[in-house]
Amino acid sequence: MAQWTSAVGAAQLARLFNSQQERPAGPGTRRPPAYRALADGIRLLVLEGRVPVAARLPAERELALSLSVSRTTVAAAYEALRAEGFLESRRGAGSWTAVPAGNPLPARGLEPLPPEALGSMIDLGCAALPAPEPWLTRAVRGALEELPPYAHTHGDYPAGLPALRRTLADRYTARGIPTMPEQIMVTTGAMGAIDAICHLFAGRGERIAVESPSYANILQLMREAGARLVPVAMAEGLAGWDLDRWRQVLRDAAPRLAYVVADFHNPTGALADEDQRRQLVDAARSAGTVLVVDETMSELHLDEGLELPRPVCGFDPAGSTVVTVGSASKAFWAGMRIGWVRAAPDVIRSLVAARAYADLGTPVLEQLAVNWLLGTGGWEQAVEVRRDQARGNRDALVTALRRELPGWEFDVPRGGLTLWVRTGGLSGSRLAEVGERVGVRVPSGPRFGVDGAFEGYVRLPFTVGGAVADEAAARLAAAARLVEAGPSGGSEAPRTFVA
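Not measured: the values here are computed from a predicted model. (Residues numbered from 1 in each chain as written. Predicted model: local features only at pLDDT ≥ 70, side-chain atom pairs only at ≥ 80, totals over all residues. Heavy atoms only, no water.)

Engineer: Which parts of the structure should I look at to understand the pattern of salt bridges?
Structural biologist: Two side chains bearing opposite charge may form a pair once their charged atoms approach each other closely. In the structure shown here, the tally under the stated rule is 30 salt bridges. With a shortest N-O distance of 3.4 Å, D123 and R441 are connected by a salt bridge. Taken as a pair, D123 in strand β5 (residues 122-123) and R441 in strand β14 (residues 440-441) lie far apart in primary sequence, 318 residues in all. Accessibility assignment for this pair places D123 and R441 in one class, buried. A salt bridge links D359 to R355, with the shortest nitrogen-to-oxygen separation between them at 2.7 Å. On the basis of relative accessible area, D359 is assigned to the partly exposed category, the value being 36%. You can call R355 buried: its relative accessible area is 6%. Put simply, R36, D40, R43 and E84 are held in one network by salt bridges that share partners. (Salt bridge = Lys/Arg side-chain N within 4 Å of Asp/Glu carboxyl O. Helix = DSSP H or I, 4+ residues; strand = E, 2+ residues; numbered from the N terminus. Buried < 20%, exposed > 50% of the residue type's maximum accessible area, 1.4 Å probe, protein only.)

This is the structure in structure tokens:
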């Protein structure tokens, strides 16, 4: 059985490689032999996630023709990649990309930082902001007032409180997507929703197509569920999805599920346009793939005058292809563990039936609090505060990074909570490791890829602003200097910083 899950054509690989070579080399840089340049280029494409891990590479002769080099050059490059662990081959099955053994995914970087560490450590690992007050307190008080009738029941509502299901359905209808309460299930956060969807649709060994990069915690959830992840590289910068790649993967790999974040993608911040949404739904429908769309960032548009595209489910009027996931965690507060699924009624019934063997239901008080917010206008006011916070933090972080680390590259997203940063050739894993020594916690790029891709990236969230953003950038610059110095470089003690 072949070990590859997707394929890269000769023309596509040549185009990606040639785009790399357009970057100017530094003064005095010696040009490596042609085979070495090709091997290094392919290795970098894999580490950056632009060529997925477990992607079948073109035959030597095909790639040689596309690059206008000799077949010997390509053969030598492939042999070098095999020796370094970035390529595996089998007679009759071809050659496919890999990541060397002994390079595990970083284990740290996204777990919440303990409160006692906040005095000396700036946490850029968790993309979540403090609760917007006074709306959290008001919502809890409103929920307590509504609680007594529910306290006289058993308290188990596997599909969610009827009042909240109705409110959420009405919100979709107001967005131009007619929705009945029977199409809504309330979950314990978006993670609970996606966990339930994966267990329903994708058993162990099933393929799930995912954006590359994608949200690290969801990737880990799917791995632990036994799924085979099929990465689909994102387009450059903030261009969103590469529809040619998506069509190819959906056609060739035939994944049972595909997971996408169309609205201010985590981690890149890309916003998919309406044409991309329409085409992806059509491609998923043709392939028989269920498209899981994560909308947790959809309300965090930060730039004035930004016209948002229709929800992805708006391009699936029959409801047979798209399953939508939403949550209060990013738009309101991560401590409010309320999420939801919008899908066809038969899918909701199946999810609810399976819940008897999972968590039985979502806490009633939190559901009442979210319903109070949505029903009183408090949600809109709180989200506007959240947007103002994120916008100010984004602008402060961007300014500080450009001042302290001018060699790092990024595109500024128009919404969401994350900045995807290319680290000027430095190892993101080393930056994460050294960063903790100088007092800044940051997740490395490989956390957001499949099997070690994106080594040259880090993700920075819009969770700090003002003087804290300045200090965070200064500490990142200190970490970068230590990484550049190598193992023999000095160490810098973290400075205590009080906001």
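After that view of the structure, there is still more to cover.
Engineer: I keep staring at helix α8 (residues 189-201) and nothing clicks. Help me out?
Structural biologist: Because an α-helix completes one turn every 3.6 residues, residues spaced three or four positions apart along the sequence face the same direction. Relative to the 18 Å expected for 13 residues at 1.5 Å per residue, α8 spans 19 Å between its end C-alpha atoms, a close match to the ideal helical length. Within the sequence span of α8, burial applies to G189, A190, A193, I194, I197, C198 and F201. (Expected span 1.5 Å × (residues − 1).)

Engineer: Please clarify how unusual backbone geometry should be interpreted in this entry.
Structural biologist: Where the residue is not glycine, phi is negative for most of them; where a peptide bond is considered, it is trans in most cases. Along the chain, E133 connects to P134 via a cis peptide bond; the corresponding omega equals 10 degrees. Looking at the element boundaries, P134 is found in the loop between β5 and α5 (135-146). The step from S212 to P213 runs through a cis peptide bond, and the omega angle for that step is 10 degrees. In this structure, S68 takes a positive phi of about 60 degrees despite not being glycine. Counting through the fold element by element, S68 comes out in the loop between α3 (60-67) and α4 (71-84). Accessibility expressed as a relative area gives 67% for S68, which makes it exposed.

Engineer: Is there a simple way to think about the packing of helix α14 (residues 378-404) against helix α16 (residues 466-485) in this case?
Structural biologist: Two numbers describe a pair of packed helices, the interaxial angle and the distance between the axes. The interhelical angle for the contact between α14 and α16, taken along N-to-C directions, is 35 degrees, at an axis separation of 9 Å. Crossing angle aside, the handedness with which α14 passes α16 is right-handed. Within the contact between the two elements, α14 uses A396, L397, A400, L401, R403 and E404 and α16 uses G466, A469, D470, A473, A474, L476 and A477. Its residues placed into classes, the contact of α14 with α16 shows nine nonpolar, one polar and three charged. (Axes fitted to C-alpha atoms, helices over the stretch in contact; angles between N-to-C directions. Left-handed = near helix turned anticlockwise from the far one by under 90°. Contact = heavy atoms within 4.5 Å. Nonpolar A, V, L, I, M, F, W, Y, C, P; charged D, E, K, R; others polar.)

Engineer: Explain the pairing of strand β9 (residues 257-260) to me, please; I cannot follow it from the model alone.
Structural biologist: Each regular strand displays side chains that alternate between the two surfaces of the sheet. Burial of the side chains of β9 extends over both faces: L257 and Y259 are buried on one face and A258 and V260 on the other. Inspection of the sheet shows strand β7 (residues 207-212) paired to β9 by three bridges, in the parallel sense. Note that in β9 the partner of I208 across the bridge is L257. Bridge count for β9 against strand β10 (residues 290-294) is four bridges, and the pairing is parallel. Note that in β10 the partner of L257 across the bridge is V290. As a crossover connection, the stretch from β9 through helix α11 (residues 274-287) into β10 is right-handed. (Pairing = 2+ DSSP bridges. Right-handed = clockwise from strand over helix to strand, strands pointing away.)

Engineer: What exactly am I supposed to notice about the environment of H154 here?
Structural biologist: Positionally, H154 belongs in the loop between α6 (148-151) and α7 (162-174). The exposure class assigned to H154 is exposed, which follows from its relative accessible area of 64%. One polar contact links the side chain of H154 to the main-chain amide nitrogen of D156, over a distance of 2.9 Å. (Polar contact = N/O pair within 3.5 Å; in protein donor to acceptor, adjacent residues only side chain to side chain.)

Engineer: Explain the pairing of strand β13 (residues 418-422) here, please?
Structural biologist: Burial analysis of β13 places five of its five residues in the buried class, the great majority of the element. Every second residue of β13 is oriented toward a common face, with T418, W420 and R422 on one face and L419 and V421 on the other, all of them buried. Bridge count for β13 against strand β15 (residues 457-461) is five bridges, and the pairing is antiparallel. In the sheet register, V421 faces β15, and the bridge partner there is V458.

Engineer: Sorry if this is basic, but what is going on with the packing of α8 against helix α12 (residues 345-354) here?
Structural biologist: Viewed as axis vectors pointing N to C, α8 and α12 meet at an angle of 100 degrees, and their least axial separation amounts to 10 Å. In terms of orientation, α8 lies roughly perpendicular with respect to α12. In this structure, α8 contributes A196, I197, L200 and F201 to the contact, and α12 contributes V347, S350 and L351. (Parallel < 35°, antiparallel > 145°, perpendicular 65-115°, else oblique.)

Engineer: Any chance you could explain helix α15 (residues 428-438) here in plain terms?
Structural biologist: Within the span of α15, buried status applies to G428, L431, A432, V434, G435 and V438. Residues of α15 that are buried sit in contact with β14, β15 and α16. N-cap assignment for α15: the residue whose side-chain oxygen lies 3.3 Å from the backbone N of S429 is S427. Looking one or two places after α15, you find G439, whose phi comes out positive at around 95 degrees.

Engineer: What am I meant to see in the sheet that holds strand β8 (residues 228-233) here?
Structural biologist: Either a parallel or an antiparallel arrangement is found when strands of a sheet pair, and the pairing is made through backbone hydrogen bonds. Strand order in the open sheet formed by seven strands is β6-β12-β11-β10-β9-β7-β8, with mixed pairing between adjacent strands. One side of each edge strand has no neighbouring strand; the edge strands of this open sheet are β6 (184-187) and β8. Sheet twist, expressed as the mean angle between neighbouring strand axes with direction ignored, is 20 degrees. Alignment of β6 against strand β12 (residues 339-342), held across four bridges, turns out to be antiparallel. In the strand pairing of β12, I184 is matched with R342. Across the sheet, α7 is in contact with β6, β11 (322-327) and β12; its angle to β6 comes to roughly 120 degrees. Against the sheet, α8 touches β6, β7, β9, β10, β11 and β12, its axis set at about 155 degrees to β11.

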